Amino acid sequence: MDIIVCVKKVPDTREAELIITKDGKDIEKGELVCDINEWDRYAVEEAIRLKEELGGSVTAVAVTPDEDEDLLRKCLAMGADRAIMVKDESFRGSDAHVIATALHHIIKDLPFDLVFTGVQAEDDGYAQVGGILAGFLKVPHATLVTQIEVLERKVQVHRELEEALMEVVELDMPAVCTIQTGINEPRYVSIMGIRKAAKKEMKTLNTSDLGLTEEELGDSASKVKIKGLSLPPSGKGAEILKGSTGEIATKVASILKSKGVLA
Amino acid sequence: MKTTITSITKKQTLAQEYDLLGCMQCGKCTAACPVAMRSHLNIRKLMQEALTHESLNPIPMKELWDCTCCSTCTIYCPRELKPNELIINLRGILVEEGHVPTTIRDALESVFKQGNPWGGAKNKRAEWATDLHLKDATRDKEIEVVYFVGCTPSYDPRVQEVARALVKSFNKAGVNFGILGNEERCCGNEVRRMGEEGLFEILIEDNTNVFQKLDVKTMVTTSPHCYNTFKNEYPETHFEIQHYTQYVANLIATGKLTFCGEVDKVVTYHDPCFLGKQNKVFDAPRSIIDSIPGVKFIEFDRSRERSLCCEGGGGRMWVDASDSGERLAEVRVRDAVEMGVQIILTACPFCLLNLEDATKTIGYEDKIQVMDIMELVSQVI
Amino acid sequence: MREILVLAEHRKGVLRDITWEMLSLGKELAEKMEAQLTTVLPGYEVKSLADELSTQADLVLLVEDERLQNFSSMAYQQVLSTLITTRKPIITLIGHTACGIDLAPGLAAALGMPLATDCLSLTLTEKELTAVRQIYGGKVNAEVACSCEKGCIATIRAGVVSPWGEETRKGKVEVIQSPSLEGISRQRFIEYVEAAIGGVDITQADIIVAIGRGIQDKENIPLAEELAKALGGTLACSRPIVDKKWLPKAHQVGTSGKTVRPKAYIALGISGAFQHIVGMKDSGVIIAVNKDPRAPIFEVADYGIVCDLFDFMPVLKEKAKELLQRR
Ligand SMILES: Cc1cc2nc3c(=O)[nH]c(=O)nc-3n(C[C@H](O)[C@H](O)[C@H](O)COP(=O)(O)OP(=O)(O)OC[C@H]3O[C@@H](n4cnc5c(N)ncnc54)[C@H](O)[C@@H]3O)c2cc1C
Ligand code: SF4
Ligand code: SF4
């Protein structure tokens, strides 16, 4: 069972006060702490668990404009066997299409049974890379995967639908799965573990190694471009709902609806 | 005497490292262990099982996380062994393999990323003090005392009250002090006890680098946990390290801090393990309480070395006991109520939280209050 | 004629709300662009759904095939790519749902079209699609744009657009031959299963009803349970509730329990101690009910209700039931 996991590093913005950059197209990341994208972490863990159970190998792959060695070291410490990083400044501002193109170039020449990505990234939340990549690789895929069972040359997965409903789908391998959080409990990566993982194989490539051209990269190649960012007004403290109990309940129901629950 | 940091190497077996052959299986440790009443954790048995390291598999041992690292076992061992260090070591094996409770995992990751175990943002560490306009000890060279606030007083709104109370007393007594602001990091006391030795080393390095920039005579900590590790586990510092009870007791004794009111209450004092048992600071907190006008002080039956642990140490703030008997903090609160006490005083953020929580879980919040000593002091200065 | 295309989403014989929401959005776009509003309904024996849809679209393209009985991203992709290639709509709208997330990226890749996912609102001109999305977990709004000259695809977040409700169109239904659906057997639908009950996983819930000591008695827990059920949510609690053994440990939110990030968190009778807050503060929307107006929970909540939770719970439960019945 050879599994490739695509990973990304994202800034942890949960606690932070965010500031938009001067050009209005990104947020200031200097002060922010970065770590592996939450969904990817579950994807790496799932790959390693399958490997521990069935044998084979796990390769972690990252396409990035930044020096993300620590991200891949973390994957190696979790139990991945090798890591590949394609670093190029021109990935800055790339949309999912460009990232999937680059990943495709790396993966197409590697042997694999399964490719995992996270369902989406914490930062841009597009939820596209896995699906596009499957399209490029011309293999079947399933998104929002919450359970995987490997059978003879195929996998049976559970997909998370709405309203606590699951869908069971079978895919012939090779296949792509985008992994949903909660599929497992990702293990802790200790400092010792990371130090030890320093011995594992890590390849750093650039875009020309992959045969990618300028036209296929970066903001200019991206089909979807960011025009501008803005911060929604952040009211501190709760808005207190007033009225009769019935009126308040109606208000609550409409709030829930607007958040895509109760739908 | 400094305890050196233990780390098990492949060659050194557990038996040598902890002198397990020296254990005579007398069971004094288990008899004294406060969590033994409510957990399957049996430290005597563990000392024996660890002898055959090969067969000891710590992974299924959920009760390893029940230990509060109070060190009572170590204090009571007639052979001067260190049973609680063995637990820390076994946890280290779990940590290295990644098999830790998720809440412990999250706390450790938060320490690595944000410098505190509570998930708070690194650059919001000093937010609690924004309106206090405290001096920055890393810049201001005139400062005599650096106040090491600690993670819980920095981020937990309940415990921020304690930090504020201490600041009020410092100001009142004219202490020339500053804080480290966002350069302060987790001290690592709990991190080490959760078995994450590698991270602990990083924290020592980070904090020591900041400490070296300081030109102060004294560092004062809110928490006995910070105090313990700085004093016993960090490299020697060029300034003295004191728990706030020691520093404030002295402010009172030298007349720098005076009272202007009375507290007409019956109080008792709960000894934090990391202040009392482990560092023998018993008298300073009592002398502060004694000097507060009006208070009637009564001792717990189990006090000083025999004090009951609140179960807040050793990572237990982030993981509940594997078995659910009555919490020790609840036992403590019940005892105090029976004694006719109105306020339980303590001098540790974790004790404060655990005891206060216990008043709620047993429904005694109208009968008794839990406060940090500084909170009471600040009411009457 | 120019066309706005909407993919009708249905499951187990029922059209899903997102479909009406997209038709409502599609109607606006169609009017502005002077385009026809067309909806595609792939499925099997779904003629009645097609008739329903015709009340809000100019044209319903009904693609019936046994192999389209249940959603399959591979089969749907073939249906849509054939239609999009021949009809060249300005834009194709798909729900940002479990279905749309599975379908849209592969479809966009196959057609070489730009795709904007999880959009809250759309503006269309001759040349360009502009969409508003949320990034960084909803902390930042982003305006993104792509060309629509050669067509484009957008997936729409559920619950943000209000559906029209009444009949707006009298469209016709056109039956379309399904494409060959070659190669789709590499992906096979097996069955639907309800998410495992018993072993509750509160971290996976979209909506959490959490109770604290304000619930007062074990006897009252069924009231909260019923509310959670009516809302399609999961029951969680603060630590004292676990301490009292009123609920199992798996339900506990907080530093020594679980960290949750549901879309909505309803806190009933929880004071908001730091150890609890740490475990739920990143929830999508937090609604707190507490009789104490100074309870710290109101600091982190988005909406606060100062009242007795026993007055509020039954009313909200009825409201939720009403809403669900109407569908
Ligand atoms: C080490 C440690 C770990 C902890 N871990 C956790 C944890 O993981 N999770 C956790 O939740 N806690 C944890 N705690 C406990 C935490 O500190 C609080 O004690 C606990 O969260 C309080 O629970 P509560 O809000 O339900 O109860 P309370 O604080 O007692 O609040 C009850 C609230 O209900 C309101 N109320 C009462 N009756 C009504 C009514 N009829 N209608 C409306 N409102 C009403 C009251 O106004 C009050 O605000 C931990 C504590 C410690 C010390
Ligand atoms: S350190 Fe304390 S809790 Fe741990 S085994 Fe020893 S006595 Fe028990
Ligand atoms: S008290 Fe010391 S000698 Fe006695 S059983 Fe415990 S560790 Fe062994």
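Residues numbered from 1 in each chain as written. Chains lettered and ligands numbered in written order. Predicted model: local features only at pLDDT ≥ 70, side-chain atom pairs only at ≥ 80, totals over all residues. Heavy atoms only, no water.

**Some thoughts on the overall build of chain A**
Condition: The secondary structure listing takes helices from DSSP runs of H or I that are at least 4 residues long and strands from runs of E that are at least 2 residues long, numbered from the N terminus. Put simply, the radius of gyration uses C-alpha atoms, and a globule should come to 2.2 Å times the residue count raised to 0.38. Every residue pair with non-hydrogen atoms within 4.5 Å of one another is taken to be in contact. Note that accessible areas follow from Shrake-Rupley with a 1.4 Å probe, and for residues the cover is restricted to the protein chains shown. The charged-residue count follows a simple rule in which Lys and Arg add positive charge and Asp and Glu add negative charge, with His and chain termini not counted at all. Think of each charge as sitting on NZ of Lys, CZ of Arg, CG of Asp or CD of Glu.
Scanning chain A from N- to C-terminus turns up 7 helices and 13 strands. Here the C-alpha radius of gyration of chain A, 20 Å, is about what a compact globule of 263 residues would show, namely 18 Å. Principal-axis analysis of the C-alpha atoms gives chain A an extent of 65 × 45 × 40 Å. Once local pairs closer than 6 in sequence are excluded, the contacts in chain A between residues at least 24 apart make up 71%. With the model as given, the accessible surface of chain A reaches about 10600 Å², and the carbon-plus-sulfur share is 48%. Mean positive and mean negative side-chain charge positions of chain A (33 and 46 charges, respectively) differ by 2 Å.

**Here we look at the domain arrangement of chain C**
Note the threshold: Segment limits for the domains were obtained from an automatic or database-derived domain assignment.
As assigned here, chain C comprises domain 1 (3-186) and domain 2 (202-326). The distance between the C-alpha centroids of domain 1 of chain C and domain 2 of chain C comes to 36 Å.

**What to know about the packing of aromatic side chains**
Test applied: Only the six-membered ring of Trp is used, alongside the rings of Phe and Tyr, when aromatic pairs are assigned; centres must lie within 6.5 Å, and planes under 30 degrees apart are stacked while those over 60 apart are edge-to-face, with the rest tilted. Each residue's exposure class comes from its accessible area (1.4 Å probe, protein chains only) as a fraction of the maximum for that residue type: buried when under 20%, exposed when over 50%, partly exposed otherwise.
This structure, assessed with the given rule, holds 15 aromatic pairs over all chains. Relative to Phe350 of chain B, the ring of Trp318 of chain B has its centre 6.1 Å away and its plane inclined at 90 degrees; by these criteria the two rings are edge-to-face. Highlighted residues: Trp318 of chain B in the loop between strand S7 (296-297) and helix H14 (328-338) and Phe350 of chain B in helix H15 (residues 349-361), separated in sequence by 32 residues. Note on accessibility: Trp318 of chain B and Phe350 of chain B belong to one class, buried. Seen from their ring centres, Phe71 of chain C and Tyr76 of chain C are 4.8 Å apart, and the 70 degrees between their planes marks the pair as edge-to-face.

**Observations concerning the interface of chain C and chain A**
Basically, it comes down to this: The term buried area means the drop in 1.4 Å probe accessible area that two parts suffer when joined, counted for both and summed. Salt bridges are counted wherever a side-chain nitrogen of Lys or Arg sits within 4 Å of a carboxyl oxygen of Asp or Glu. Two N or O atoms count as a polar contact when they lie within 3.5 Å, although within protein this holds only if one can serve as hydrogen donor and the other as acceptor, and sequence-adjacent residues are included solely when both atoms are side-chain atoms. Here the nonpolar group is Ala, Val, Leu, Ile, Met, Phe, Trp, Tyr, Cys and Pro; Asp, Glu, Lys and Arg are the charged ones; every other residue, Gly included, is treated as polar. DSSP bridges decide pairing: two strands pair if at least two such bridges lie between them.
The interface is formed by 83 residues belonging to chain C together with 79 residues belonging to chain A. Buried surface at the junction of chain C and chain A, both sides included, amounts to about 6800 Å², of which 58% is carbon and sulfur. At the boundary of chain C with chain A, the tally comes to 6 salt bridges. Taken together, the links from chain C to chain A amount to 32 residue pairs in polar contact (both at pLDDT 80 or more). Across the side of chain C that touches chain A, the residue classes break down as 41 nonpolar, 17 polar and 25 charged. The sheet contact formed by strand S13 (residues 239-240) of chain A and strand S17 (residues 303-306) of chain C spans 2 bridges and is parallel. Bridging across to S17 of chain C, Ile240 of chain A finds its partner in Gly304 of chain C.

**What to know about the site of ligand 2**
All names here are of chain B. Cut-off, in case you're wondering: We call a residue near a molecule or strand whenever a single non-hydrogen atom of that residue lies within 4 Å of it.
The full set of residues close to ligand 2 is Cys33, Pro34, Val35, Cys67, Thr68, Cys69, Cys70, Ser71, Thr72, Cys73, Asn84 and Ile87. Looking at the shell around ligand 2, the elements with two or more residues in it are helix H4 (72-76) and helix H5 (83-97). Looking at the shell around ligand 2 residue by residue, the classes come out as 8 nonpolar, 4 polar and no charged.

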